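Understanding the architecture of this molecule
Letter by letter, the chains look like this.
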Amino acid sequence: MNSLKSSAIAYSNIALVKYWGRHPRLAHLNIPLNDSVSMTKEGMGKIKLQSHTTIEFSSRYKSDSGSLNGKKMGEKELARMRLVVDPLREAAGVPDAFRLASQNDFPTAAGLASSAAGFAALARAAADALQLDYSLGLLSSMARLGSGSAARSLHGGLVWWHAGHSHESSYAEQLCGPNDFPLRAVVAVVNPDAKKVSSLDGHSAAASSPFQKMQVKESLRHAKRMRVAIAEKDFPAVGQLAEQNALNMHAVMMTANPSLLYWEPGTLKVMHAVRSLREKGAETYFTIDAGPNVHCLCRPRDQLKLDRALQVAGIRFRIPVRPAKDSYIARTHLF
Ligand code: PMV
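Conventions we followed
- Residues numbered from 1 in each chain as written.
- Predicted model: local features only at pLDDT ≥ 70, side-chain atom pairs only at ≥ 80, totals over all residues.
- Heavy atoms only, no water.
- Near = heavy atom within 4 Å.
- Polar contact = N/O pair within 3.5 Å; in protein donor to acceptor, adjacent residues only side chain to side chain.
- Areas by Shrake-Rupley, 256 points an atom, 1.4 Å probe, with all protein chains shown as cover.
- Nonpolar A, V, L, I, M, F, W, Y, C, P; charged D, E, K, R; others polar.
- Helix = DSSP H or I, 4+ residues; strand = E, 2+ residues; numbered from the N terminus.
- Phe/Tyr/Trp six-rings, centres within 6.5 Å; stacked < 30°, edge-to-face > 60°.
- Buried < 20%, exposed > 50% of the residue type's maximum accessible area, 1.4 Å probe, protein only.
- Contact = heavy atoms within 4.5 Å.
- Axes fitted to C-alpha atoms, helices over the stretch in contact; angles between N-to-C directions.
- Parallel < 35°, antiparallel > 145°, perpendicular 65-115°, else oblique.
- Left-handed = near helix turned anticlockwise from the far one by under 90°.
- Disulfide = S-S within 2.5 Å.

1. Here's the deal with the site of the ligand
- The full set close to the ligand counts 14 residues, and Tyr19, Ser149, Arg152, Ser199 and His203 are the nearest of them.
- One of the backbone nitrogen or oxygen atoms of tyrosine 19 is found 2.9 Å away from an oxygen atom of the ligand.
- One nitrogen or oxygen atom from the side chain of serine 199 is found 2.8 Å from an oxygen atom belonging to the ligand.
- For the ligand, whose free accessible area comes to 380 Å², the fraction covered by protein is 95%.
- Broken down by class, the residue content of the shell around the ligand amounts to five nonpolar, six polar and three charged.

Listed below in structure tokens is the structure:
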């Protein structure tokens, strides 16, 4: 029998209109409360912001096993992998256990969407190994079962995730390819350590904020306006919407019970640096996911200036990024 083994690479993504909080009855499927929009991002330097995952199914394996960045996965981590792999294994009618290895080339669990890249690569590699000919849209639904935002990392460029109301109707589609919108960013890494509260726990607490309903309503409005701004290649509108949307989400995080305060002193420093640059005429905007690190959005012509300004502000670790390509099947295996 042929070896059921495959590897895939997927890139991380940064939400321009955020997903924060899950549908109360469909939380187990990571069905969000609102549509969201993101940029799948590729690092332009040594760090590519990618996850490389290899999976093999074989009767040689007595039980499922895996490693993340060289460290053996525990039962809890494996159970999360199975959320994505089991429905695929079932669809293919393959009873074998798996071995998997996943390697990120960037800090894991630090608000840089390592789980998005990881689960997108896992869905892509597992479907390929099991010889399931699934579209990227269908794979995006499968990746969502591991981490909601992973749905958006199957596609490159700028991506829309339809919230939907069921497993089938909650999927991501590409709005425009990586070269269709001249968007760049510099990621200011304020703290590369793993965050203390995972986004999974954060989503569960979101409903306790008095502002959540308003934030969901606003996000739906932001997503619609973002779609138009992207179609019209209107960078200032994209930037303004992204910054406003991120601040709304963090207001919900801060006012939830338990309260989540992901910002650190360096986070505020970057936010001010971005605004001061904007006052000086360089159009740049910030957005922040569930962590202290800041994604500073700009046009290609301002990227170097922005990078320098962040260096002056004392941020030592910066990652210039551009829209990434689609996830893809890789020729090299990790084992
Ligand atoms: O997919 P999760 O559970 O890691 O949640 C992602 C949440 C944010 O990154 C804060 C927002 C988003 O839409 O990606």
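2. Section: unusual backbone geometry
- Between asparagine 257 and the following residue, proline 258, the backbone shows a cis peptide bond with an omega angle of 5 degrees.
- Here proline 258 lies in the loop between helix H6 (235-254) and helix H7 (265-279).
- With a phi close to 60 degrees, leucine 49 is a non-glycine residue in the positive phi region.
- Positionally, leucine 49 belongs in the loop between strand S2 (36-43) and strand S3 (50-58).

3. Here we look at the packing of aromatic side chains
- For the coordinates displayed, the defined rule picks out three aromatic pairs.
- Taking the centre distance of 4.9 Å and the plane angle of 75 degrees together, the rings of tyrosine 19 and tryptophan 161 count as edge-to-face. With a gap of 142 residues between them, tyrosine 19 in the loop between strand S1 (4-17) and S2 and tryptophan 161 in strand S7 (residues 158-161) connect regions that are remote in the sequence. For the pair shown, tyrosine 19 and tryptophan 161 are each scored as buried.
- With 6.3 Å between their ring centres and 75 degrees between their planes, phenylalanine 57 and phenylalanine 98 make a pair best called edge-to-face. With phenylalanine 57 in strand S3 and phenylalanine 98 in strand S6 (residues 97-104), this pair connects stretches of sequence that are 41 residues apart.

4. Focus: the side chain of serine 327
- Note on placement: serine 327 falls in the loop between strand S12 (317-323) and strand S13 (328-330).
- When its relative accessible area of 2% is taken as the criterion, serine 327 is described as buried.
- Within polar-contact distance, the side chain of serine 327 engages the backbone oxygen of leucine 154 at 2.9 Å.
- Beyond its immediate stretch of four places on either side in the chain, serine 327 contacts Ile9, Ala10, Arg124, Leu136, Ser153 and Leu154.

5. Quick notes on the packing of helix H5 (residues 212-231) against H6
- Where H5 meets H6, the closest approach of the two axes is 10 Å, and the angle between their N-to-C directions is 165 degrees. As far as their axial angle goes, H6 and H5 are roughly antiparallel. Like other packed secondary-structure pairs, H5 and H6 cross with a definite hand, here left-handed. In contact with Gln212, Gln215, Glu218, Ser219, His222, Arg225, Met226, Ala229 and Ile230 of H5, H6 contributes Ala237, Val238, Leu241, Ala242, Gln244, Asn245, Asn248, Met249 and Val252.
- Classifying every residue of the contact of H5 with H6 gives nine nonpolar, seven polar and two charged.

6. Some points on the state of the cysteines
- Across all of its chains, the model carries zero disulfides by this definition.
- Among the cysteines around cysteine 176, which has no disulfide bond, cysteine 298 carries the closest sulfur, lying 16 Å off.
- A residue is classified by how much of its surface remains accessible, and cysteine 176, at 9% relative accessible area, is buried.
- Cysteine 296 takes part in no disulfide bond, and the closest cysteine sulfur to it belongs to cysteine 298, at a distance of 8.3 Å.

7. A few points about the packing of helix H2 (residues 114-129) against helix H3 (residues 136-144)
- Running from N to C, H2 and H3 cross one another at 120 degrees; their axes reach a closest spacing of 9 Å. Relative to H3, the element H2 is oriented oblique. The handedness of the crossing between H2 and H3 comes out as right-handed. For the pair formed by H2 and H3, the contact residues are Phe119, Ala120, Ala123, Arg124 and Ala127 on the first element and Leu136, Leu139, Met142 and Ala143 on the second.

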